[in-house]
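So you can see what is in the structure, the chains are spelled out below.
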Amino acid sequence: MGNRMVKLARRPKGMVTRQDFTIEDGPIPEPGAGEFRVKIEYISLDPAMRGWMNEGKSYVPPVGLGEVMRSYSAGIVDKSNNPAFKPGDAVQGLFGVQQYALSKGERVVKVDTTQAPLQRWVGGLGMPGWTAYFGLLEVGQPKAGETVVVSAASGAVGSIVGQIAKIKGCRAVGIAGGPDKCRYVKDELGFDACVDYKAGNLAAQLKEAAPKGIDVYFENVGGEILDTVLLQMNLFGRIPVCGLISAYNATELPQGPRNLRALLTQRLRMQGLIVFDWANRIPEAIAQLGAWHKEGKLKIREDVREGGIDAYPDVLNLLYTGGNFGKLVLKV
Ligand SMILES: NC(=O)c1ccc[n+]([C@@H]2O[C@H](COP(=O)([O-])OP(=O)(O)OC[C@H]3O[C@@H](n4cnc5c(N)ncnc54)[C@H](OP(=O)(O)O)[C@@H]3O)[C@@H](O)[C@H]2O)c1
């Protein structure tokens with residue numbers, strides 16, 4: 001028995017390959033003074049991981065070569081020298097792609113597995129849920145009666161954005177890839193409409209789905225979808241820029257948005273966001289998302305993959321091909 005872990009071996013070019021990592025066993029670490037040990041059960045696969053592997057200026061330093069790959073994970077405390085965390089506590093935090101992690105409790109959230117299963121605490125009730133909550137409400141500032149459009153609408157963040165938009169009395173329109181995802185977004189999540197960007201003629205589809213124009217566009221994707229949406233934004237619209245996944249594996253920088261003129265003519269506000277910006281308000285997000293979930297107003301779906309630590313590189317790539325359906329999680 002050891003601690004199996006994924007370390008970054010080199011900076012990937014394009015989609016990751018197994019050769020970009022070393023997957024090895026080490027000893028199970030022993031907690032020191034003030035530390036506790038977590039036996040990790042679920043690893044969150046997040047689109048941002050690809051960016052964390054790159055050199056260059058970002059919102060966090062890159063994962064160093066030879067370091068355990070950074071990840072959100074959820075698990076159970078199995079040994080502790082920290083009075084605030086007891087063996088048996090379920091926790092969520094930045095524990096890395098490995099089977100065991102040590103922590104002093106920084107940015108670790110204790111979670112209630114009687115309220116929702118452990119994997120949901122790295123999904124809709126975890127970081128992606130908090131991102132949707134603060135990104136839409138604080139940056140998007142939707143008002144009842146407005147139209148909110150979100151891309152990657154069936155995914156971890158997008159699915160929550162649209163459902164919060166509905167709760168706030170808005171028209172919610174999703175953009176997703178393929179008929180199955182669109183059906184799910186509309187029929188199960190309760191969005192007013194969902195357009196399939198893979199079916200072609202996105203502009204016409206959007207016009208039909210958002211006949212009064214778009215007041216808030218929650219951006220997860222970038223590229224051509226952003227260009228198309230920009231031309232349908234209403235006066236004083238808001239564009240929270242949460243992610244630009246279409247370019248995360250680009251080996252050459254893509255051409256910038258072509259339709260930025262809409263920012264000028266419609267007096268739009270486009271603002272980037274990082275979930276950590278609201279680090280001190282996470283308890284509020286957990287309480288509100290949890291309450292909506294309990295009331296049945298917020299449906300949450302995980303896509304849990306088997307294969308353990310060794311499957312990490314292959315499972316991660318599913319995010320960039322649309323191969324996931326719901327919050328992508330790796331079972332350890
Ligand atoms: N700013 C923050 O703090 C923060 C925090 C969390 C996440 N994010 C961002 O939020 C976005 C969604 O993340 P998530 O965790 O919720 O992932 P997700 O939506 O569950 O999965 C990613 C989805 O992106 C879509 N996609 C991938 N490549 C695409 C492309 N070239 N064009 C259009 N769609 C594409 C796919 O859906 P389809 O099959 O529908 O194409 C895929 O299923 C990402 O951009 C991520 O970086 C930001």
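Residues numbered from 1 in each chain as written. Predicted model: local features only at pLDDT ≥ 70, side-chain atom pairs only at ≥ 80, totals over all residues. Heavy atoms only, no water.

## What about the domain arrangement of the protein?
Worth spelling out the cut-off: Where each domain begins and ends is defined by an automated method or by a domain database. Criterion for a salt bridge: a side-chain nitrogen of Lys or Arg within 4 Å of a carboxyl oxygen of Asp or Glu. N or O atoms closer than or at 3.5 Å make up a polar contact, with two conditions inside protein: a donor-capable atom paired with an acceptor-capable one, and, for residues adjacent in sequence, both atoms drawn from side chains.
Domain boundaries in the protein define domain 1 (3-123 + 301-331) and domain 2 (127-276). A C-alpha centroid distance of 28 Å is found between domain 1 and domain 2. For the pair domain 1 and domain 2, the number of links is zero salt bridges. The tally of links between domain 1 and domain 2 comes to five residue pairs in polar contact (both at pLDDT 80 or more).

## Structural notes on the side chain of Ser73
Quick note on the threshold: Under the scheme used here, helices are H or I runs from DSSP no shorter than 4 residues and strands are E runs no shorter than 2 residues, and both carry numbers assigned from the N terminus. Residue contacts follow a heavy-atom distance rule, with two residues in contact if any of their heavy atoms lie within 4.5 Å.
Here Ser73 shows up in strand E4 (residues 72-80). At 3.3 Å, the side chain of Ser73 forms a polar contact with the backbone oxygen of Gly96. Sequence-distant contacts of Ser73, defined by excluding residues within four places in its chain, comprise Ile40, Tyr42, Ile43, Ser44, Val91, Gln92, Gly93, Phe95, Gly96 and Val122.

## A word on the site of the ligand
Here is the rule we go by: One heavy atom within 4 Å of a molecule or strand is enough for the residue carrying it to be called near that molecule or strand. Per-residue and other accessible areas follow the Shrake-Rupley method at a 1.4 Å probe size, with only the shown protein chains counted as cover for residues.
Taken together, 27 residues lie near the ligand, and Val157, Gly177, Lys181, Tyr197 and Asn324 sit nearest. The separation between an oxygen atom of the ligand and a polar side-chain atom of Tyr197 is 2.4 Å. In this structure, Cys242 approaches the ligand through a main-chain N or O atom, which is 3.0 Å from a nitrogen atom. Here the ligand, which alone exposes 910 Å², has 92% of that area covered by the protein. For the shell around the ligand, the elements supplying multiple residues, two or more each, are helix H2 (127-140), helix H3 (156-167) and helix H9 (312-321). Viewed by domain, the shell around the ligand spans two of them, domain 1 (3-123 + 301-331) and domain 2 (127-276), each represented by three or more residues.

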